[in-house]
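If you want the building blocks of each chain, they are given just below.
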There are 2 protein chains.
Amino acid sequence: MPTETKRKVATKPKTAASPKKKVKYIYDFGKKTDGKAALRNLLGGKGANLAEMACIGLPVPPGFTITTEVCTYFYDNKKSYPNSLASDTEKSVARVEKQMGKKFGDPNNPLLFSVRSGARESMPGMMDTILNLGLNDKTVVGLAKLTGNPRFAYDCYRRFIQMYGDVVMGVHSRNENERDPFENIIEKLKGRKSIEHDFDLSADDLIELIKSFQQLIKKRTEKKFPQDVYAQLWGAVGAVFGSWRNDRAMVYRQKYNIPVEWGTAVNVQSMVFGNMGKTSSTGVAFTRDPANGEKIFYGEYLINAQGEDVVAGIRTPKPIVQLKKEMPKAYAELEKVRKTLEKHFKDMQDFEFTVEEGKLYMLQTRNGKRTGLAAVRIAVEMVRERLIKITTAINKIPADSISSLLVPVFDIQSRKKAMLMATGLPAGPGAASGRIVFTAGVAEELERQGVKVILCRVETTPEDLRGMIASEGILTSRGGVSSHAALVARQMGKVCVCGAHEIVIDYEKRMLKAGGNVLREGDAISIDGTTGEVFSGHLDTAPSEVNQVLAGNLKPRNSYTYQLFAKVMAWADKYRQLKVRTNADTPAQAKMAVALGAQGIGLCRTEHMFFEGERITFMRKMILASNKIERRAALKKLLPFQRKDFIGLFKVMEGRPVTIRLLDPPLHEFLPMEAASRNALGKELNVSPKVIADRVKSLHEQNPMLGHRGCRLGVSYPEITEMQARAIFEAAAQVVKSKKPVPVAPEIMVPLIGYARELKNQVAIIHRIAKEVMKQKKVKFHYLVGTMIEIPRAALMAHEIAETAEFFSYGTNDLTQTTLGMSRDDSGSFLPEYKDLEIISQNPFATIDQDGVGQLVETASVNGRKARKGIKLGICGEHGGDPDSVKFFHTIGLDYVSCSPPRVPVARLAAAQAKLND
Amino acid sequence: MPTETKRKVATKPKTAASPKKKVKYIYDFGKKTDGKAALRNLLGGKGANLAEMACIGLPVPPGFTITTEVCTYFYDNKKSYPNSLASDTEKSVARVEKQMGKKFGDPNNPLLFSVRSGARESMPGMMDTILNLGLNDKTVVGLAKLTGNPRFAYDCYRRFIQMYGDVVMGVHSRNENERDPFENIIEKLKGRKSIEHDFDLSADDLIELIKSFQQLIKKRTEKKFPQDVYAQLWGAVGAVFGSWRNDRAMVYRQKYNIPVEWGTAVNVQSMVFGNMGKTSSTGVAFTRDPANGEKIFYGEYLINAQGEDVVAGIRTPKPIVQLKKEMPKAYAELEKVRKTLEKHFKDMQDFEFTVEEGKLYMLQTRNGKRTGLAAVRIAVEMVRERLIKITTAINKIPADSISSLLVPVFDIQSRKKAMLMATGLPAGPGAASGRIVFTAGVAEELERQGVKVILCRVETTPEDLRGMIASEGILTSRGGVSSHAALVARQMGKVCVCGAHEIVIDYEKRMLKAGGNVLREGDAISIDGTTGEVFSGHLDTAPSEVNQVLAGNLKPRNSYTYQLFAKVMAWADKYRQLKVRTNADTPAQAKMAVALGAQGIGLCRTEHMFFEGERITFMRKMILASNKIERRAALKKLLPFQRKDFIGLFKVMEGRPVTIRLLDPPLHEFLPMEAASRNALGKELNVSPKVIADRVKSLHEQNPMLGHRGCRLGVSYPEITEMQARAIFEAAAQVVKSKKPVPVAPEIMVPLIGYARELKNQVAIIHRIAKEVMKQKKVKFHYLVGTMIEIPRAALMAHEIAETAEFFSYGTNDLTQTTLGMSRDDSGSFLPEYKDLEIISQNPFATIDQDGVGQLVETASVNGRKARKGIKLGICGEHGGDPDSVKFFHTIGLDYVSCSPPRVPVARLAAAQAKLND
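Here is what the cut-offs are and how they apply
- Residues numbered from 1 in each chain as written.
- Chains lettered and ligands numbered in written order.
- Predicted model: local features only at pLDDT ≥ 70, side-chain atom pairs only at ≥ 80, totals over all residues.
- Heavy atoms only, no water.
- Helix = DSSP H or I, 4+ residues; strand = E, 2+ residues; numbered from the N terminus.
- Rg over C-alpha atoms; globule rule 2.2 N^0.38 Å.
- Buried < 20%, exposed > 50% of the residue type's maximum accessible area, 1.4 Å probe, protein only.
- Contact = heavy atoms within 4.5 Å.
- Areas by Shrake-Rupley, 256 points an atom, 1.4 Å probe, with all protein chains shown as cover.
- Lys, Arg positive; Asp, Glu negative; His and termini not counted.
- Charge placed at Lys NZ, Arg CZ, Asp CG, Glu CD.
- Salt bridge = Lys/Arg side-chain N within 4 Å of Asp/Glu carboxyl O.
- Phe/Tyr/Trp six-rings, centres within 6.5 Å; stacked < 30°, edge-to-face > 60°.
- Lys NZ or Arg CZ within 6 Å of the ring centre and 35° of its normal.
- Pairing = 2+ DSSP bridges.
- Expected span 1.5 Å × (residues − 1).
- Axes fitted to C-alpha atoms, helices over the stretch in contact; angles between N-to-C directions.

S.K.: Sorry if this is basic, but what is going on with the overall build of chain A here?
M.R.: Of regular secondary structure, chain A possesses 36 helices and 33 strands. Relative to the compact-globule value of 29 Å for 918 residues, chain A shows a C-alpha radius of gyration of 32 Å, a close match. Counting only C-alpha atoms and orienting by the principal axes, one finds that chain A spans roughly 105 × 70 × 55 Å. The proportion of buried residues among the 918 residues of chain A is 61%. In chain A, of all internal contacts separated by at least 6 residues, the share reaching a separation of at least 24 is 69%. Here chain A displays about 36600 Å² of accessible surface, and carbon together with sulfur accounts for 51% of that area. Considering chain A, the positive charge centre built from 134 side chains and the negative charge centre built from 102 side chains are found 5 Å apart.

S.K.: Would you take a moment to explain the pattern of salt bridges for this structure?
M.R.: Side-chain pairing between opposite charges can occur once the charged atoms of the two side chains come close. Residue and element names in this part refer to chain B. Evaluated as defined, the whole model comprises 108 salt bridges over all chains. A salt bridge links Lys32 to Asp34; the shortest N-O distance between them is 3.0 Å. Lys32 gets classed as partly exposed once you look at its relative accessible area, which sits at 37%. You can call Asp34 partly exposed: its relative accessible area is 24%. Across the pair Arg370 and Asp347 runs a salt bridge whose closest N-O atoms are separated by 2.9 Å.

S.K.: Sorry if this is basic, but what is going on with the packing of aromatic side chains here?
M.R.: What characterises a pair of aromatic rings is the spacing of the ring centres plus the angle enclosed by the ring planes. Applying the stated criterion across every chain yields a total of 56 aromatic pairs over all chains. Through pairs of rings, three or more aromatic residues link up here, namely Phe74(A), Tyr75(A), Tyr81(A), Trp234(A) and Phe241(A). One residue, Arg120(A), lies across the ring of Trp262(A), its end atom 4.0 Å from the ring centre. The ring of Tyr896(B) is capped by Arg581(B), whose NZ or CZ atom sits 3.9 Å from the centre of that ring.

S.K.: Would you mind showing me how to read the sheet that holds strand 11 (residues 349–356) of chain B here?
M.R.: All names here are of chain B. Reading across the sheet, the 5 strands line up as 10-9-8-11-12 and stay open at both edges, with antiparallel pairing between neighbours. Two strands in the sheet have a free side with no partner beyond their single neighbour: strand 10 (318–319) and strand 12 (359–367). Pairing analysis gives 6 bridges linking strand 8 (residues 281–286) to strand 9 (residues 298–303), with the strands arranged antiparallel. The residue of strand 9 that forms the bridge with Phe286 is Tyr298.

S.K.: Hey, could you run me through helix 8 (residues 203–221) of chain A in this one?
M.R.: Along an α-helix, residues three or four positions apart point the same way, because every turn accommodates 3.6 residues. Residue and element names in this part refer to chain A. The end-to-end C-alpha distance of helix 8 is 27 Å, a good match for the 27 Å that 19 residues give at a rise of 1.5 Å each. Turning to helix 8, its buried residues number three or more, namely Ala203, Asp205, Leu206, Leu209, Ile210, Phe213, Gln214, Leu216, Ile217 and Thr221. Buried residues along helix 8 sit in contact with helix 6 (150–167) and helix 7 (181–193). Phi turns positive, to about 60 degrees, at Glu222, one or two residues after helix 8.

S.K.: Can you help me understand the sheet that holds strand 26 (residues 579–583) of chain B in this one?
M.R.: Two strands in a sheet stick together by hydrogen bonds in their backbones, pointing the same way (parallel) or opposite ways (antiparallel). Residues and elements named next belong to chain B. The 8 strands lie next to each other as 26-27-28-29-30-31-32-33, forming a closed barrel whose pairing is parallel. When strand polarity is set aside, the average angle formed by the axes of neighbouring strands in this sheet is 25 degrees. Sheet analysis places strand 32 (residues 872–875) next to strand 33 (residues 896–899), joined by 2 bridges and oriented parallel. From the neighbouring strand, Gly874 faces strand 33, where its bridge partner is Tyr896. Packing against the sheet, helix 34 (residues 850–867) makes contact with strand 31 (807–810) and strand 32, and its axis sits at approximately 175 degrees to strand 31.

S.K.: When you look at the pairing of strand 1 (residues 26–29) of chain A in this model, what are you seeing that I'm missing?
M.R.: The side chains of a regular strand alternate between the sheet's two faces. Residue and element names in this part refer to chain A. Because side chains alternate across strand 1, one face comprises the buried residues Ile26 and Asp28, and the other comprises Tyr27 and Phe29, equally buried. Pairing of strand 1 with strand 2 (residues 63–66) involves 4 bridges; the strand directions are antiparallel. Along strand 2, the bridge assignment pairs Phe29 with Gly63.

If you want it as C-alpha cells, here you go:
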C-alpha cells in the first residue's frame, strides 16, 4: 500500500527514469474531449464512456483520465510514476479549473474532484472511490461561503475525510463484526444528541465530527490527514492503483479471468452534488431490468445524497418511477438519456446520474451486468426492435448464460406446502435451498464440506465476495437492485433475493426473524430469485420450463422462456460450424440430449453399464476368473445386457453417430472395497473372501490413473474387447433388421492408446467380430473404429495412429492430467493456491489449457489429418461444455465437441460465437 | 507353422501376384559368387559371409542364398512366395549340380543340400537347420553305391528324416521332460541290440530306424515323409521362414531388440560330410577366446560327425589343439584360415568347418559373440596388433560390456572358506550365487518372486532361454564352449560354467551330486564364470578389480582388467562430446563416481538426506506443523543437517557442478504408514496419534505421482524452499571461505515445473536467499537456477520456461510416466505382455521412447536454446546410463547425461560411440 510513501511524495509523485518516447498519459473530457469509447483498454470502461458521453452531448462534469498504462508503469517501477505525469496533471487540472471557473485548493472558490478507478472490465465494489477531494480546513470555509450552505460544506468535508481515511489511509473496521470507526463516532454523537438521521446533524456537529475524524486518523496511522490538495490527489491516485492488487480485486479477477496485466485507469472528475438539498438527488438506473431483461426503466435514487449512499444500501433508495413525481423535469430528461444511451451504445446501459439543484449530470454509463435470463431476453428483444443484428445478439449473450434458462425451479407441489416468510427484490433468478449462514467465512467452510448454504446478510460488502461465491444463493434484508449483493449475484449468476425488509437479521444471536418465524444458523431456507420469495425450510425442485416444454409437459406458447431459448438456439445453429454431440450412457440421457440439440453421442462409457443389478455380479465373476475359460463364461453372461443397452441407444439416436468407448477403468473399481461386502460377494459367487481379497490386492495400483486400464485391458484380455464388439454389432444388426428398421452409425472408440500397435491389436479384433456378426446375421452396416487421444504420446504420434484410426476423440480430461502431470482428484490441495498466486488463470480441468494441452490437440489434429484425409476429430472431455474451450476447439478446426446433455445448448451457442469471431 | 500348407505346395511354392519390378531373390556362391559381406541385410549374416569367404578363396561348398526380402514377402502375402522364385531356384540348383557333378534327386548320383536360416544378426539356436536334404528311399541307395559306404548313406538318411520330422513336420517331445521321440526309438533299438554308441549301429540297424522314423511321422502327423526332393526343399525353406516368428525367436529378438521386420534369409548349400569315417571331422572354432578375449586358437571338434553333433552336446567334443595331432594337415590349414579370417574381417571370428576325407571345407564364419570382458580385451589387443584403429575398437565394444569389468567378484575370504564341488569351462565371467533350480519354468517363477537362482542343466536347449534370462547364472554338466549354454551366456553376459563333468544332475529327484556332495533344488550354490569353479553354498562378493584399483586397494600394474578399462576410458574421453555426470546423494557415492569419470553431479536428491537419524523426526515435525511458525521451527532444525550434507558434496566435487534438486516427493512418504509406528511417533513428538493419522489421511492421494509434490510443495510451503536454498548457499559460502578453500558450482534444480510462473515463484525465493547469504557471509559465488523438465507441459512450454531457467535437466523417468500415461510401478502388470505382442520393442523405462518422449525432449531443447542461448541441457533419468538412450541424447545435442555411479563408464563409452557415428 502506498500509504507509507505518501508523505514523501508531497505535491509531486515519485518518478523513475522516463521512457524513451513521450506517451500520452492523460486524456481530458468535458469541453475538450480526447477520448472515446473505443479507447477502453487505455482509459478503462468508465473513462472511455465518460469521454463518449461528452462527445455525444450528454451533460458530463469535466475531468480527465490517467491511463491504464500508468498503472502498468506503477507496478513495473516500484510504485513510481512517469516523469511527465505531475506536470501533465497540473495542466489538465488547469483546464478543468478554466471550464468550471474554480481553482483546485483555492480557499475562496475551491474546485473539488472525485477520484475513481476504472478498469477495462467493470469491477463493481472492487475499486475505491474518493469524493469531494480538494477540501481541507481552509477550502471548506470557502465552499461554505460560496454555497451559502455551511452544513453542506462541512458534510462534504466530513464525507471526504471519512472516505480518504478509509481508502487511502487504511482506517477501517478491523474485522467483519467490528463497526466502521468513523460510523462509530457518528453514531456516538447522534446518540449523545438524540439525533436519528445523518441529515439532522448540524454544521457544528459536522465540525465536531471533522475534528474527531482527524484525531482518529492521527491516532490510528500516526500521520496527519493531508491539507495539501495535490498530496490528497496523489494519495487518492496511489490508492486506486494500489487497490488493483488488493485481495478483493484478486478474488474478483480470478472469478472472471481478468488478467492482472490490464491494470486500471484513474478518473479525476469535477464534483457535482446530489446532496445540495431537496432539489438535488443522485441515482443509478438501468435501461432495462437487469434481473429478467424486461424493457422497463429500472433504477433507484435518493434525494439529497451523494452517489455512494445509493450503492452502500445504508438508506433504502426509492424506485426510479417515483422521480417522475418528485422531479418531473429531471425525470423527463433521464428518459431521453435512457433512449439516447441504448441507441448509441446498442446495449442495455447501467448509468449513474446526479441532479444538482435541478440540473442533471451524467457521471457514468456502462453496459449493464445482467442475469443469464436477462442477457437472452434483451438480446432477442433488441433484435426484434431492430436495435442490433442477429450476429451481434449472438455475441452479446455469454454462452454460459443459456444454461440459466435450464436451471431447476421450485416444484409446484413443494412450493404450495412451503411457508412464505418474506418477499424481496428478485435480483438473481433461479431456485436455491440451503442452510442459513451469516458470515462469508462459515459459508466457505461449509462449502468445502459439501454443505449447500444460503448466505444471509443485512447487506453484503466486497469482503463477502468469497462467501458469496461459496453459497447457493444470497439473501439480504436491506439494499435495492443496485446494491452490492444484487450486482454481484447478477454477474455470477447466483440466485439472489435483495432487500427482504420483513426479515430481521441478528448476527450476534446468529438467527433471523420474519414475523413470528425464527430461523437459526444451520436451519434450511429457500429463496426464489425469479419471484423474490423467501421460504422457510427446504423446497424440492422441478425441471426448468425449457425442459418441461422439451419433455412435452408444457406448451411452447405458454413459456416465454422457452421461446427465447428456441430463438437463440435457432440463431446459433444457423451460424455455427462445429457440431455438438453429447456424453450419454443411457437412452433417457440420450433422448434429453437430442431434444437439447445433440447431433450424436460423442462418448458412451460402457463401464457405467456394468454396475446395475445382476451385471455387476457377472462383471466381478469375470474379474475373479482364474483363466480365460471362466472369463469367457462370465463375459458371455454380460453380452446380452450390453447388447440391450446398445439397442436402446441406437433406437433413440435414429442413425446419428454413437461413439462407444470400450471398457476403460481399472478392474479394481468393480470390486467391493469393504471386507463385509467382500464376504457377501464371496458367498454369492461361491468364492473364498481370501481369493477376492487377494485379487483386490493384486489389482491395487500406486497410480491407477496411469495403470492397467483403457486399451491395456483389451490387450491383456482380448475376450473383453471381443464381447463388447460383439454386443455392439449384434445390437446394430438387430436394430437395422427389426420390423421398424432404424439406421445405425456406431463409432467404436478404443481408449488410452499410446502406441499405434495397441490400436492395431484392438482394431483387428473389432474388425474380425464385425465380419463374423455381419455374416451370421446376414446384414451389412457401416461403422468406424477410432481412438481417444488422451495421453501425450498418442498426440505426439498422431500421424502414426491416424493410419489405423478412423477418428480421434480427444479425451481432454485425462490428457490434461497427463500433460500437466496433475491428478484432478488430488489437485484440490494446491490448485486454489495456484489461482491465488496467479500461477494459473483458469482451472485447467474446467477450461482447456490452450498453451500446453491445446498445443498437443492442435498438433495432433494437423498431423492426424495429414496422415488420413477427412479423419473425424472431436473432443469428449468436460471441456466440451465450456465456452472458452469450445471456441478454442472451433479455432483449431475440430469437427465436433461432445458434452453432458445440459451443456449442449451452451456449446451450440459458443460454437456460433466462435464462428462469428473467426 | 507352414506344416499345414506344405502338402499343397508340393514341388512348387505357393505364389501371389508378382511385384512390379523384377527383384533378385537368389544369390549364388561358389565358383560364381553374387554376394559379399556388405550385403548382410539382404543375405543375412551367414549368407553374406559364405559369399565373402568364397570371394577371398576359402574353400566353401557351393550353394545359394534366398534373400531376407523373400521372408518379408512371405509374411506380407499369407506365406506365399514371389512368382519367379521357383524357376530361379531351379536355375541355381542346376548351377550347383554342374559344379558338383551331381544331380538333385538323381537316384544314381544325388546332390544333397543343407538348408539353414541366416538372419542379419546371428541368432544361435533360434533358427532351424536341415542337413542331407535330397535323400529319399531311392537316392539313399545311390549314395550308398557312390560312396561305397551304405552305413554312411543310411546314417545320413536317418539323420535327415529325424531333423526334417522335427523341424518341418513338428514331431518332437511334447514337454521338457519327455524324451525326443526319434532318440527314443534309437535308444530302444540300441538297448535291444546292446549297442552303446550311435556309430556302432549297422547299416541294417539304420534301415530299420529309417522305417520306424517314417512310421512315427505318419502316425503323429497323418502325413507321409516326402519323397519328392523339391517338396523336401520347399518344406525346409518354409520351415526356416516359419521359425522366424516362433516363440523362441520372439523371446530372443525381444532380449536383443531385433526388429521382426528384418526377416531371415535361407542358405541352401551342397553337403560335405564330416561323418565319412575317421579321416573326416567337423568342428567349431574361435579365432580368440570368447570368454576372456585371450589371443589363443580356441574351439572343438568331433571325428566322424556332422555339425550339429558338436553344438548339441550329445558327444563331448575335443579341444581344437588335439586336432593338430589327429589331422596335422587340416590343422595347419585351419591355423592359416584363422589368420586370414581375422585379417580380412578385422574381428574375432566364430567359424564352422568340416573335414571330408581329409579335405577342409568352411561352412560358416561370423563375428564371434563374446563376453564383455572379452570384447574389451580383444578390441584393445587388436589395436595393439595394428589390426584395427582406435575408433573402430571403440565401436566394437558394446557400451554395456564395460560394466562387466565392474561386476563384483567372490570375496577372497569367503572363497577360502567355501567348498569347491567341481570345475568346468569358464564360459561367462563373473560371480553368481543363488538357489539351485533345474527347469526354466521354476527359474522364471522364482525370479518373479525376487529369488536369485542358478539354472543347473545337463545341457541347455533353446527351450531353456526364458529360464536362462531369469537366472543369475547357468551351470551345465555337459557341453563345451560352443554349447548352447556357453553361446547364450556369452551373449547375454550371464555368469556361466559349462561342462562341469564331475557334477551329476538328476532331474527326477531334483538334486545334483559331485563326489559325495548332494545338493537339492532350493539349496544355495555359487559359480565363478571367470575360473570355472563351482562352490557349494552361498559366497560373499567383493568389488571388482577395477573398483579395487580406483579405491587404492590394488595397484594398476597388478590388474590387467584395470589396464584394459583405463585404456578404453581414455579412448572414449578423447572422442566423446557429451559430458557425463552422476546421480549421487552422498559424498561417498560422489567420490566413487568421480573416480569412475563423472564430471559433476547431475542429480542430488535432497529428500534422501531427510531419512537418517534425528532428521526424519524434524522432517515429520515439519509435516505435522499446524502453522507456518511451527513449520519454520522444524525447518530450522533441519537446516544444519542439510548444510553439512552440501558441504560434504561440494568438497568432494572440487568445483565440478553439483545439481541439487529441491524437495520432490509427496510429504506422505515421510510419515509412517503403520499404526504402531504412528503411535511411537506420536509419543516422540508429543502429538496425539489421531493428529498423525489425520495428517496421513489428508495427505493421501489417488495418484501421488500426479499430486502435491515437486515445486508444488515449494509453492505451498515457500519456507521449505527458503530453508533448502539457505542450506545450499551457506554450505557454498563455508566451503569457499574455509581454510582450504574449494571452488563451488551449485546448480539448483526446481522439480516438476509445468508453468513458467511456478518457476518464477521459486526462483524469486532462491535469488533472495542467495543475496541474503552472500551479504551475511560477505562472500560471492556463482550459481545457476534451473528446472527439471519432467512433465509434458514443461517440454511443450520450454520456450517460456527457458526465460527463467538457466538449465534444463530432463527427468526422463517421470517424463516417460506422464508422456506414456504409464506408472512405472504399475506397468509390470502389462508391459511384459506388450513386449510379447511386439507392441513395444524396448521397455520405455530402460531405453528412452525416442518417438514419443524423445520427441518432447528434442523439441524442448530446440525451443529452450532459441529462448536462451547457451542454456545448459542435461538428463538425469535412469536413461542416462543406457547406451541406446545416451546415443539419442548425443544426437539431439544435449550437454550432458547423468547416471548412477556404476553406469558412468558405460555412458562415457556410449557417448564416444555416438560421436564417432555422427
